[in-house]
Amino acid sequence: MLGGILIISGPSGSGKSTLCKEMFKSIDNSFFSISTTTRPIRDGEVNGADYYFVSKDKFKDDIKNSKFLEWAEVHGNYYGTSLDSVQKALNDGKLIVFDIDVQGFELVKNSVFSEFCTSIFILPPSMSLLKERLNSRGTDTKGSVENRIKNSKDELKYLHKYDYLIINDNLKIASGKLKAIAKSAKLKPESYKLKSFLDNWLKS
Ligand code: ADP
Ligand code: 5GP
């Protein structure tokens, strides 16, 4: 079996990281794609675990050297997904999970990996709760929170392109939904190495 790609997007503060952490507690053979970013590191984040934090010059070198499957400017910083780890995950039969923005989603959906993708958009129950959660997280400056809220309205324009929508109201219920989707994400026909699967199946 080959692996699969699970793309998770949604406005900043919608609960993507929180839900992913819950999901990884019970989904085997899966791992988080650690993106590279030029955003400053937040309190509590670990370089090499949450992100690879790099300078703008290093990021631009990586673009030149074709290191990224996709990259985008989001909320004024650069973010990119490493190509190597995706290829390895698929060959090793693993589910690789991307927490990427709507621009990254479009690029991956239109890449050679399109058929391996399952995509989920996460939203909190309301705009007022999104603001409340972003503020209570306490990791961003007032200006950055305002920018993230403003950008969320543009991000919503892509919602209909995703396979699934999860409303992150109750954490336990929302993470249950995410786990259910993650479990089925590797059952796409493409993950079966179809030609050899069908050759063997017809002979059996
Ligand atoms: P994202 O990764 O999408 O930017 P986070 O996972 O950092 O969002 O969540 C934003 C804030 O909302 C965090 O402080 C988190 O603890 C909180 N949060 C996430 N999910 C829920 C939920 N279901 N109920 C209440 N608070 C939540
Ligand atoms: P944050 O700064 O809150 O960690 O992330 C901000 C936004 O960048 C989120 O929407 C997140 O999904 C997105 N993001 C994180 N990594 C990547 C990436 O590698 N590529 C793209 N396109 N977006 C990313």
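Provided above is the structure to which this section pertains.
Overview of the structure. (Residues numbered from 1 in each chain as written. Chains lettered and ligands numbered in written order. Predicted model: local features only at pLDDT ≥ 70, side-chain atom pairs only at ≥ 80, totals over all residues. Heavy atoms only, no water.)

1. Some remarks on the site of ligand 1
For step 1, the next point in the chain: Taken together, 13 residues are adjacent to ligand 1, and Gly13, Ser17, Thr18, Arg137 and Asn168 come closest.
For step 2, the next point in the chain: Contacts to ligand 1 include glycine 13, whose backbone N or O atom sits 2.8 Å from an oxygen atom.
For step 3, the next point in the chain: At a separation of 2.8 Å, an oxygen atom of ligand 1 approaches a polar side-chain atom of lysine 16.
For step 4, the next point in the chain: Burial of ligand 1 by the surrounding chains reaches 75%, relative to a free accessible area of 560 Å². (Near = heavy atom within 4 Å. Polar contact = N/O pair within 3.5 Å; in protein donor to acceptor, adjacent residues only side chain to side chain. Areas by Shrake-Rupley, 256 points an atom, 1.4 Å probe, with all protein chains shown as cover.)

2. Focus on the site of ligand 2
For step 1, the next point in the chain: Taken together, 18 residues lie around ligand 2, and Ser35, Arg39, Tyr51, Tyr79 and Asp99 are the ones closest in.
For step 2, the next point in the chain: Measuring from an oxygen atom of ligand 2, one finds a side-chain N or O atom of arginine 42 at 3.0 Å.
For step 3, the next point in the chain: Between ligand 2 and glycine 80 there is a distance of 3.2 Å, counted from an oxygen atom to a backbone nitrogen or oxygen.
For step 4, the next point in the chain: Its residues assigned to classes, the shell around ligand 2 shows five nonpolar, six polar and seven charged. (Nonpolar A, V, L, I, M, F, W, Y, C, P; charged D, E, K, R; others polar.)

3. Observations concerning the pattern of salt bridges
For step 1, the next point in the chain: Per the stated rule, a full pass over the model turns up 12 salt bridges.
For step 2, the next point in the chain: Of the charged contacts in the structure, one is a salt bridge between aspartate 140 and arginine 42, with a shortest N-O distance of 3.4 Å. Linking aspartate 140 in the loop between helix H5 (127–137) and helix H6 (142–155) with arginine 42 in the loop between strand S3 (36–37) and strand S4 (52–53), this pair joins segments that are 98 residues apart in sequence. Comparing aspartate 140 with arginine 42 shows no difference in burial state: the two are buried.
For step 3, the next point in the chain: For the salt bridge of glutamate 106 with lysine 161, the shortest nitrogen-to-oxygen distance reads 3.3 Å. One end of the pair, glutamate 106, is in helix H4 (residues 102–109); the other, lysine 161, is in the loop between H6 and strand S9 (164–167), with 55 residues separating them in the sequence.
For step 4, the next point in the chain: In this structure glutamate 106 comes out as partly exposed when scored by relative accessible area, which is 23%.
For step 5, the next point in the chain: According to the relative accessible area criterion, lysine 161 is partly exposed, its value standing at 37%. (Salt bridge = Lys/Arg side-chain N within 4 Å of Asp/Glu carboxyl O. Helix = DSSP H or I, 4+ residues; strand = E, 2+ residues; numbered from the N terminus. Buried < 20%, exposed > 50% of the residue type's maximum accessible area, 1.4 Å probe, protein only.)

4. What about the state of the cysteines?
For step 1, the next point in the chain: With the rule as written, the count across this model stands at zero disulfides.
For step 2, the next point in the chain: Cysteine cysteine 117 is unpaired, with the sulfur of cysteine 20 as its nearest cysteine sulfur at 15 Å. (Disulfide = S-S within 2.5 Å.)

5. Considerations on the side chain of serine 35
For step 1, the next point in the chain: Topologically, serine 35 is positioned in the loop between strand S2 (30–32) and S3.
For step 2, the next point in the chain: If near-sequence neighbours (up to four positions away) are discounted, serine 35 is found in contact with Tyr51, Tyr52, Gly80 and Thr81. (Contact = heavy atoms within 4.5 Å.)

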